[in-house]
Amino acid sequence: MQSVIELTNLTKNYGKSRGVTDISLSVPEGMVFGFLGPNGAGKSTTINTLVNFTHPTSGSIKIFGKDNIKYGQEIRKDIGFLSSDMALDSGLTGWQQLEYFGSLRGNFDKTYIKTLAKRLDCNLSRKIKTLSRGNRQKVALITALMHKPKLLLLDEPTSGLDPLIQAEFNKIILEHKTAGHTAFISSHVLSEVQELCDRVAFIRQGKIIADKTLDELAEAAPKQIRIICKDEKLASRLKKLSGVANLKASARHVSFTYTGSVNGLLKALATFDLEDLAIQEADLESTFMHYYEDDNGVTDV
Amino acid sequence: MFNSILSKTLYEKRISTLVWTFAFFTSLILIVVLFPTFKDSFGQALKDVPESLQNLIGNASDYQTINGYIDVQGIGQMVFLTLILGIIIGTSLLAGEENSRTLHTLLAQPVSRTRVYIEKYIAIMIILAIACVGGIFLGIIAGAIPIGEFPNLDLKRCFEASVMTWLLTLFFATLAYTIGAITGKRGLAGIIAGFYAFATYMITTLASTATALATLDHFSPFHYFNKPSVIKTGFDLGNLAVLISVTVVLFIIGLIIFKRRNIY
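Keep in mind the model is a prediction, meaning the values are calculated, not measured.

**Details of the sheet that holds strand E2 (residues 17-28) of chain A**
All names here are of chain A.
- Reading across from one edge, E2-E1-E4-E5 is the order of the four strands in this open sheet, with antiparallel pairing throughout. Each having just a single partner strand, E2 and strand E5 (66-67) make up the two edges of the open sheet.
- Examined bridge by bridge, strand E4 (residues 58-63) and E5 share two bridges and lie antiparallel to one another. From the neighbouring strand, lysine 62 faces E5, where its bridge partner is aspartate 67.

Listed below in structure tokens is the structure:
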């Protein structure tokens, strides 16, 4: 499958400050790709280089197989971009703003725009400066979607949107994916990423620390285990078992997180008379916290 | 409604353009209708004024004809206001939009930075032409009619003086625009352009009496603006060439750097 985005050893420094360091990523066509990390990790830096606001210090960016700097203008015809702090022209109405960008793109599908506005409950007849932050974000979202782009670059896209509109946004992204198109989403809303994304990359201090599918993440992430057992020796046996962490034990209840082969755990438990066993798959939030915990157990967020 | 960056920019600036044009227009009317008063009293009083001060406010003979009066009181004074407009508009259209981040939204569309830079600059040229040439030239005519001086007006020279005012204003607007394009900082662009305008105005004004400033004066755009007076002698092709050339060079430097730099 052809890569829509191909980052090769991308480094971007701001003078002496770090932006991102030696990032390599590949996003195939038709994939919704999540890009996660705490504030200042390098998410916006990466997206800004993808949209060509900033140029790489070293490394290369290819989008649709073309060099992003050399063919930037051509590439942007097929890109829809949205950021959480996207500023629109305050003196224009939403409709005028869309008409303006439509004319620059040479593509203004009034019917489709009206459909999007209806789905997102967006009033396009009011001036941008009179709109609330959430409503401005809806107009910005339509500017990103109005030309049915092949690639969506979304930096915190649902920031400011209410839950109903967020749900509608999720549907639109899934329709975008169903149509065979690609999306690259940076977000803090982990439930949204979990619902939308096929693959997720974690960035920490300017470097990619994991790049996996959600299934791979679930496998690698620590599972939450809860056991009811009268045998007091269970806790001491579990303490010795590799992959066990955060162990808490009371009279009959034992809970802990476990990373590793389930068989190893089941073998260890087989010698005990258990009253109950619950294994809960890690959600993205606990996976996220797992990746951003430093060696001292302090979360880097 | 908008089919270009230029048309959208002009639409967005329509109110402020009209307000500035009206301000120049009415200011010129007020200045011109006072000509009879100045002719009778002020001209005589200036005979005893030192030469350095006459460089600022004109000499006695300037106040004896409507054209000379417009030269020193109209064009000479209005240029301060037009420069303010030039620097404001020069800093707002690129650096201002970068600061407000609407430039980012625009650059996310499939448009080249060259197109953005050029179309916004053309908008500056048009806005300043409307305000400087339209407001000043029409203001002179509208002021001369009620005092019966319209037949004595040298319309061609007054128009040329308005065009020269536009060119000088465009130079400072270009300076502000270029600094904004290079740095992305509206405040810095305004401060540098404003300081340069003030400093060079003082240098040119004082250079005729302070010979030490004569060399520096050649770096002043005011040196090429109204020396010799456009209303008295018409366009000076050498002055025109210098002002236009330096403006074009600034424009090109700004474009080259704006195309390549990071937009934060």
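**Regarding the pairing of strand E3 (residues 32-36) of chain A**
Residues and elements named next belong to chain A.
- With five of its five residues buried, E3 lies for the most part within the structure.
- Residue alternation in E3 divides its side chains into two sets, Val32, Gly34 and Leu36 and Phe33 and Phe35, and both sets are buried.
- By the bridge criterion, four bridges tie E3 to strand E8 (residues 182-186) in an arrangement that is parallel. Note that in E8 the partner of phenylalanine 33 across the bridge is phenylalanine 184.
- When E3 meets strand E9 (residues 199-204), the two strands line up parallel, connected through four bridges. Within the sheet, the bridge partner assigned to phenylalanine 35 lies in E9 and is alanine 201.

**A look at the environment of alanine 167 of chain A**
- Tracing the backbone shows alanine 167 of chain A in helix H6 (residues 163-178).
- Sequence spacing of alanine 167 of chain A and glutamate 192 of chain A is 25 residues, and the spatial spacing of their C-alpha atoms is 9.0 Å.

**Side note on the domain arrangement of chain A**
- Domain annotation of chain A identifies domain 1 (3-212) and domain 2 (222-280).
- For domain 1 of chain A and domain 2 of chain A, the distance between their C-alpha centroids amounts to 43 Å.

Calculation criteria
Residues numbered from 1 in each chain as written. Chains lettered and ligands numbered in written order. Predicted model: local features only at pLDDT ≥ 70, side-chain atom pairs only at ≥ 80, totals over all residues. Pairing = 2+ DSSP bridges. Helix = DSSP H or I, 4+ residues; strand = E, 2+ residues; numbered from the N terminus. Buried ≥ 20, exposed ≤ 12 C-beta atoms within 10 Å, placed from the backbone. Domains from an automatic or database assignment.

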